[in-house]
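Working through the structure, step by step
So you can see what is in the structure, the chains are spelled out below.
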Amino acid sequence: MLRGITNFFDRMVQRFLPDAFLFAIILTLVVFGLGIFFTGSSPGQMVQFWGDGFWNLLAFAMQMSLIVVTGYILANTPLVKAALSKISTLAKTPGQAILLVTFVAGVACVINYGFGLVAGALLAVHVARRVPNVDYRLLMASAYSGFILWHGGFSGSIPLTIATEDHFLADSIGSIAITDTLFSGMNIFIIVTLLLSLPLLNLWLLKSSGDLSKNNLDFLENEDKSEQQMAATTADLTPAERMENSKIISYLIGALGLAFIVYHFIRNGFDLNINIVNFIFLFLGILFHQTPRRFLNSVNDGVKNAGGIIIQFPFYAGIMGMMVASGLSEQMSNWFVSISTEFTFPVLAFISAGIVNFFVPSGGGQWAVQAPIMIPAAMDLGVSTAKTAMAVAWGDAWTNMIQPFWALPLLAIAGLKVKDIMGFCVIILFWSFIPISIALLFFN
């Protein structure tokens, strides 16, 4: 039965799930129609909402593109390759490979979501080289499964937002310390349960996958070819070429970058946001490649992986624009509130956030949309505002398992398409619903 379920979802995804770009276009058309039908917005208004929002994620798209590029650059330095290769030696069998990648990716995503996405994917690539008979698609799905933990971790945008003194709901709920959100018994239960159970679930999927193991290591082999282009000759170089191959220049600018990193953490504490992660990856890449020429060769290879992010994120920004401006996201949230009781409200808030996440795949953006509806409803029903915020946060993280938006950086590194991992991710989605719902229902 287990093999049949796994095979069923894999076949359905392989057969019917389009490329991630087409998924974004289909979602655009669906939201366009829903906005007209349910909100009374005219086609002209929906076009306006779509166009007005289309470029609202440019800064974020650049951040995520840099996560892919700088992560690739750093991973292809000799030092990091050696470290990842060393960690990958812990896996001797396909089962051990799945367990290792899932657990490390989960821990990394608890630390920081951008770091976790890249670290999990890069480790999976190295493990696949070490254990070539592992199911590469499931290995990458295992790396991505750790991402479900991000919004309960140290980079969770919702708990960090409401912990600040001047957030947009501060007048009604004040600031809520992370001891009541990230370090609550409820959140710790979810984190620990998923960290321990996801590796076992993915191992279970490996044993049930049967003939689903379709490794294509051509991609991994092609990645190694660029190394041959890294070595620079020193004979007959022009003055400009000597500068390009100068270690001194890399060390000077790298030292400047390291100085700022130290200053950042002294001034802000453990603030591992997406910008500082990119900054760290970038300047460590410059230092570890040693010369500007080797660094730039790696940049040229890494940029090829960011195409999907660059072209798809504006479409999701347009979807967000239609959802928010038409009032469609507000209607969805209000409907879930209308059928809630004090006991069921946290779970229904979680489910509603999971649905809204398909159309507004940004934690901070989703909180801006749902918080003005969910927080007053929670206060009327006598539900903890901290618990409500975490319910929305976990809903946002939950359906990332079947939303291509966040999978794009990992897929770019892996050389896979969204349909290659999504059949496994459906099973991960179903399982993770259980511990999250239990925590939301029975923890205060």
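These figures come from a predicted structure and were not determined experimentally.

Rules used in this analysis
Residues numbered from 1 in each chain as written. Predicted model: local features only at pLDDT ≥ 70, side-chain atom pairs only at ≥ 80, totals over all residues. Heavy atoms only, no water. Helix = DSSP H or I, 4+ residues; strand = E, 2+ residues; numbered from the N terminus. Rg over C-alpha atoms; globule rule 2.2 N^0.38 Å. Buried < 20%, exposed > 50% of the residue type's maximum accessible area, 1.4 Å probe, protein only. Lys, Arg positive; Asp, Glu negative; His and termini not counted. Salt bridge = Lys/Arg side-chain N within 4 Å of Asp/Glu carboxyl O. Polar contact = N/O pair within 3.5 Å; in protein donor to acceptor, adjacent residues only side chain to side chain. Disulfide = S-S within 2.5 Å. pLDDT = per-residue confidence, 0-100. Contact = heavy atoms within 4.5 Å. Core = buried A, V, L, I, M, F, W, Y, C linked by side-chain atoms within 4.5 Å.

Brief notes about the overall build of the chain
Tallying secondary structure elements over the chain gives 23 helices and 0 strands in all. Its C-alpha radius of gyration of 23 Å places the chain within 12% of the 22 Å reference for a compact globule of 444 residues. C-alpha atoms of the chain, sized along the principal axes, occupy 75 × 50 × 45 Å. The 444 residues of the chain split such that 56% are buried.

Comments concerning the environment of A325
You can see A325 is positioned in helix α17 (residues 307-326). Overall, the relative accessible area of 43% leaves A325 in the partly exposed class. Distance in space between the C-alpha atoms of A325 and G53 is 9.0 Å, their sequence separation being 272 residues.

Structural notes on the side chain of D135
For D135, the position within the fold is in the loop between α7 (113-130) and α8 (136-145). Salt bridges are absent for the buried D135, whose nearest opposite-charge side chain, R137, sits at 4.2 Å. Polar contacts involving the side chain of D135 include one to the main-chain amide nitrogen of R137, which spans 3.1 Å.

A short note on the state of the cysteines
In the structure shown here, the tally under the stated rule is 0 disulfides. Among the cysteines around C109, which has no disulfide bond, C425 carries the closest sulfur, lying 12 Å off. Given the relative accessible area of 1%, C109 is considered buried. Judged by its relative accessible area of 0%, C425 is buried.

Concerning the confidence of the model for the chain
Confidence in the prediction of the chain, expressed as mean pLDDT, is 86, and 93% of residues score 70 or more. Contacts for the low-pLDDT stretch residues 226-232, under 50 throughout, to residues beyond four places or in other chains number 9 contacts.

Digging into α8
Residue pairs spaced three or four apart in an α-helix point in one direction, given the helix's 3.6 residues per turn. Counting buried positions over the 10 residues of α8 gives 10, a clear majority of the element. Taken residue by residue, α8 has Y136, R137, L138, L139, M140, A141, S142, A143, Y144 and S145 as its buried positions. Here α8 starts with a cap whose side-chain oxygen sits 3.1 Å from the backbone nitrogen of R137, and that cap is D135.

Some points on the environment of S250
With respect to the helices, strands and loops of the structure, S250 is situated in helix α14 (residues 247-268). Sequence-wise, S250 and R293 are 43 residues apart; in three dimensions their C-alpha atoms are separated by 9.7 Å. Sequence-distant contacts of S250, defined by excluding residues within four places in its chain, comprise I286, L287, Q290, T291 and P292.

Examining the nonpolar core
Within the largest apolar cluster, 129 residues are counted, with the highest numbers of intra-cluster contacts made by Y144 and W394. Here the element with the most residues in this core is helix α23 (residues 418-442); it accounts for 12 residues. Not counting chain neighbours up to four residues away, the residues in contact with Y144 comprise L117, N400, M401, Q403, W406, A407, L410, I421 and C425. With 7 residues, the next largest nonpolar core counts F283, F295, V299 and A306 among its residues.

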